Amino acid sequence: MAGLGLFGRLRRSLRAQLVASVMATLVLVIGFNLYSGLVRATETADLVTDNLLLGSARVIAEAVRVDPGGAVQVDIPPAALEIFDTGHRDKVYFRVTTAWGNLVAGYADLGEPARVAVGEDGAFRGAAIRRLMLIHPVVGLGPDGEIGVTVAVTRLGWSAMRGSLWLANVADQGLLVLVAGLVTVLGLQRGLAPVLRLRDAVRARRRDELEPFDPALVQTELRPLVQALNDYMTRVRRQMAAQSRFVANAAHQLRTPLTLLSTQASFAVRETDPQRRGEALQALIRSTRQVTRLAEQLLTLTRAEPGSRAPRADRIDMSAVARQVLEAHVEEALRRGIDLGLDEDGPAPVTGDGTMLKEMVVNLVDNALRYTPAPGRVTVAVRRAGAEVTVAVGDSGPGIPPEEREQVFERFYRIMGTKAEGSGLGLAIVREVVTGAGGTVTLGTSGDGGLDVTVRLPAAADHNAA
């Protein structure tokens with residue numbers, strides 16, 4: 001388990017990963033170099049040994065002579081054998097034969113290599129040897145006056161030479177690994193220094209300090225990361241500012257009705273006249289409903305904000321939703337003397353959070369009823385046109401001046417001179433819900449001269465589509 005933990009920590013370390021990548025590459029390259037070095041060392045040892053064998057064969061061949069009786073004789077020069085005296089106690093074997101196969105001198109059982117003047121590995125009397133044969137002409141032997149000189153030597157010196165050459169290459173490669181590793185570690189230390197400075201700068205920040213970092217703190221390749229961090233802090237700063245404004249406005253909005261509730265309750269407690277006490281209690285009930293509605297809208301607005309709820313993909317029929325909302329508001333509309341109508345021509349399915357989409361329609365209808373004087377008209381129209389579903393709520397109220405239509409989507413914003421009760425959160429909730437559902441909301445003038453709020457949402461895919 002400890003080994004797995006260490007391996008896991010190494011996998012999470014950028015420095016360890018970079019060093020491991022560099023070292024793994026070096027190991028592969030060095031492994032190849034060592035193999036190729038061994039091949040080159042073998043070839044070099046073969047070449048040196050073959051040159052020595054060729055030189056020894058020439059010295060022996062030049063010592064061959066023909067006596068007056070026509071016999072071939074040779075006195076082996078000591079130099080021909082001493083040339084292999086390299087301190088490794090190699091044994092030297094030779095064989096001199098005529099062109100017609102007579103043995104002149106040497107070992108009769110020493111075989112000849114397959115090719116002339118080319119070294120060949122073999123075995124002789126239980127020992128590994130390297131041998132070479134030279135064909136040399138001799139004056140006085142007639143038309144076939146050539147002799148073959150084969151010289152062989154054991155491979156002790158050859159092995160020592162190859163090992164020495166290869167070990168020198170190993171030492172060079174080992175030094176290369178050490179230098180490369182040191183350079184890699186130092187390079188990483190230097191390369192990661194800006195990242196560590198950025199880390200220290202982040203740690204040194206206070207919780208409320210969200211100023212952007214200087215991209216020059218890090219290398220060019222890491223500046224997009226710093227820019228992304230700055231963009232994130234900008235969004236957080238804006239979100240915090242919005243939350244601060246929201247809390248301040250919510251506290252301000254709740255302070256007045258709560259104070260009114262306290263005053264009305266105190267008045268009702270002190271009042272001895274039953275009729276006036278009843279009026280005070282009715283006013284207290286109305287104020288309580290207003291505070292309850294305000295609290296509900298604050299909670300709805302909080303749930304509508306991005307990231308406050310898990311994403312949902314319900315299939316919602318906006319025609320059915322509009323019908324349910326209007327049925328719930330019929331009694332209020334009749335009490336206020338307002339004609340409440342629905343204009344729809346069939347299902348209008350969308351995909352999204354069903355609860356929040358219903359809250360959107362509730363706020364649109366509630367706003368329309370609240371600001372439409374009696375006798376008046378409020379109409380909800382739901383249509384599906386291709387890939388879009390439209391929900392439009394029009395009323396016969398005073399409407400909203402064009403210059404204020406964007407501002408009314410701000411939280412707690414109310415038009416000056418408005419007498420109707422309200423918190424200024426209805427359209428803010430509508431925009432948050434619509435934005436979260438991937439739609440748009442626009443304000444205009446209805447056919448009755450009042451306000452027209454049009455919501456456009458992406459239509460749900462048809463279940464029968466292929």
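What counts as what
- Residues numbered from 1 in each chain as written.
- Predicted model: local features only at pLDDT ≥ 70, side-chain atom pairs only at ≥ 80, totals over all residues.
- Heavy atoms only, no water.
- Helix = DSSP H or I, 4+ residues; strand = E, 2+ residues; numbered from the N terminus.
- Contact = heavy atoms within 4.5 Å.
- Areas by Shrake-Rupley, 256 points an atom, 1.4 Å probe, with all protein chains shown as cover.
- Pairing = 2+ DSSP bridges.
- Axes fitted to C-alpha atoms, helices over the stretch in contact; angles between N-to-C directions.
- Expected span 1.5 Å × (residues − 1).
- Bend = angle between axes of the 7 residues up to and from the residue.
- Buried < 20%, exposed > 50% of the residue type's maximum accessible area, 1.4 Å probe, protein only.
- Polar contact = N/O pair within 3.5 Å; in protein donor to acceptor, adjacent residues only side chain to side chain.
- Core = buried A, V, L, I, M, F, W, Y, C linked by side-chain atoms within 4.5 Å.
- Parallel < 35°, antiparallel > 145°, perpendicular 65-115°, else oblique.
- Left-handed = near helix turned anticlockwise from the far one by under 90°.
- Phe/Tyr/Trp six-rings, centres within 6.5 Å; stacked < 30°, edge-to-face > 60°.
- pLDDT = per-residue confidence, 0-100.
- Patch = residues over 30% accessible without salt bridge, like charges linked within 9 Å, V, L, I, M, F, W, Y side chains within 5 Å.
- Salt bridge = Lys/Arg side-chain N within 4 Å of Asp/Glu carboxyl O.

Check the secondary structure of the chain and you find nine helices and 14 strands. In the chain, 62% of the contacts between residues at least 6 apart in sequence involve partners at least 24 apart. In the form shown here, the chain has an accessible surface area of approximately 27,200 Å², with 58% of it arising from carbon and sulfur atoms.

This part covers the sheet that holds strand S9 (residues 338-344). On the basis of which strands lie adjacent, the open sheet formed by five strands has the order S9-S11-S12-S14-S13 and mixed pairing. The open sheet terminates on both sides in strands that have one partner only, identified here as S9 and strand S13 (440-445). Taking each pair of neighbouring strands and ignoring which way they run, the sheet shows an average axis angle of 15 degrees. In this sheet, strand S12 (residues 388-395) lies alongside strand S11 (residues 376-385) in antiparallel orientation, the contact comprising eight bridges. If you follow Ala381 over to S12, its bridge partner there is Ala392. With respect to the sheet, helix H8 (residues 354-371) is in contact with S9, S11, S12 and strand S14 (451-458), its orientation differing from that of S14 by roughly 170 degrees.

The subject of this paragraph is helix H7 (residues 318-336). When the terminal C-alpha atoms of H7 are compared, their 26 Å separation across 19 residues agrees well with the 27 Å that a helix rising 1.5 Å per residue should span. Approximately 45 degrees is the largest bend angle found in H7, and it occurs at His329. Along H7, the residues that are buried comprise Met318, Ser319, Val321, Ala322, Val325, Leu326, His329 and Ala333. Buried-residue contacts for H7 involve strand S8 (314-317), S9, strand S10 (349-352), H8, S11 and S12. The N-capping residue of H7, defined by a side-chain oxygen 3.1 Å from the backbone nitrogen of Ser319, is Asp317.

Membership of the largest hydrophobic core comes to 41 residues, with the highest contact counts inside it found for Met318, Met360, Leu364, Val380 and Val455. Secondary structure elements with two or more residues in this core: H7, S9, H8, S11, S12, helix H9 (426-436), S13 and S14. Beyond its immediate chain neighbours, meaning those up to four positions away, Met360 contacts Met318, Val430, Val433, Val434 and Val455. Judged by nonpolar contacts, the second largest core, of 23 residues, contains Leu53, Ala63, Phe84 and Val138.

On to the packing of H7 against H8. Where H7 contacts H8, the axes come no closer than 10 Å and their chain directions differ by 30 degrees. What the angle tells us is that H7 and H8 run roughly parallel. The chirality of how H7 crosses H8 is right-handed. Residues Met318, Val321, Ala322, Gln324, Val325, Leu326, His329, Glu332, Ala333 and Arg336 of H7 form the contact with H8, whose own contacting residues are Leu357, Lys358, Met360, Val361, Val362, Val365, Asp366, Leu369 and Arg370.

So, about the packing of aromatic side chains. Applying the stated criterion across every chain yields a total of four aromatic pairs. Consider the rings of Tyr93 and Tyr107, whose centres lie 5.3 Å apart with planes at 80 degrees: the pair is edge-to-face. Here the residue Tyr93 occupies a position in strand S3 (residues 92-98), and Tyr107 occupies one in the loop between strand S4 (103-106) and strand S5 (120-124), the gap between them amounting to 14 residues. In this structure Tyr93 comes out as buried when scored by relative accessible area, which is 9%. Among the residues examined, Tyr107 registers a relative accessible area of 28% and is labelled partly exposed. On the numbers, 4.8 Å between centres and 70 degrees between planes, the contact of Tyr93 with Phe124 is edge-to-face. Within this pair, whereas Tyr93 is found in strand S3, its partner Phe124 is found in strand S5, the two being separated by 31 residues in sequence.

Let's shift gears to helix H4 (residues 156-204). Residue pairs spaced three or four apart in an α-helix point in one direction, given the helix's 3.6 residues per turn. With 49 residues, H4 ought to run about 72 Å at 1.5 Å a step, and its terminal C-alpha atoms sit 69 Å apart, in line with that. The largest bend in H4 is about 40 degrees, located at Ala193, with the proline Pro194 one to four residues further on. Taken together, the buried positions of H4 are Gly157, Trp158, Asn169, Gln173, Ala180, Gly181, Thr184, Leu188, Leu192, Pro194 and Leu198.

The next thing to look at is the sheet that holds strand S6 (residues 127-137). Two strands in a sheet stick together by hydrogen bonds in their backbones, pointing the same way (parallel) or opposite ways (antiparallel). Strand order in the open sheet made by the five strands is S4-S3-S7-S6-S5, with antiparallel pairing throughout. The open sheet has two edge strands with one neighbour each: S4 and S5. Taken over all neighbouring pairs, the strand axes of this sheet differ in orientation by 25 degrees on average, direction set aside. Bridge analysis of S5 against S6 gives five bridges, and the strand direction is antiparallel. For Phe124, the partnering residue across the bridge sits in S6 and is Ala127.

Next up on the list: the confidence of the model for the chain. Any segment with low pLDDT has predicted coordinates that should not be analysed in fine detail. When pLDDT is averaged along the chain, the result is 80; 83% of the residues meet or exceed 70. Here helix H1 (residues 2-12) stands out as the least confident element of the chain, with mean pLDDT 56; S5 is the most confident, with 94.

Attention shifts here to a nonpolar patch on the surface. Together, Leu175, Val179 and Val183 make up a nonpolar patch on the protein surface, roughly 270 Å² of accessible area in all. As for its placement among the helices and strands, Leu175 is situated in helix H4. Accessibility expressed as a relative area gives 53% for Leu175, which makes it exposed.

When you tally the buried positions in S12, you get seven out of eight residues, the bulk of the element. Counted along the chain from S11 to the antiparallel partner S12, the turn is two residues long, and its residue Gly386 has a positive phi close to 65 degrees. Two elements, S12 and S14, share seven bridges in a ladder whose sense is antiparallel. When the bridges of S14 are listed, Glu388 appears paired with Pro458.

Looking at the secondary structure, you find Ser56 in helix H2 (residues 14-62). Overall, Ser56 belongs to the buried group, its relative accessible area being 1%. Polar contacts involving the side chain of Ser56 include one to the main-chain carbonyl oxygen of Ala80, which spans 2.6 Å. In contact with Ser56, other than residues within four places in its own chain, are Ala80, Ile83, Phe84 and Val151.

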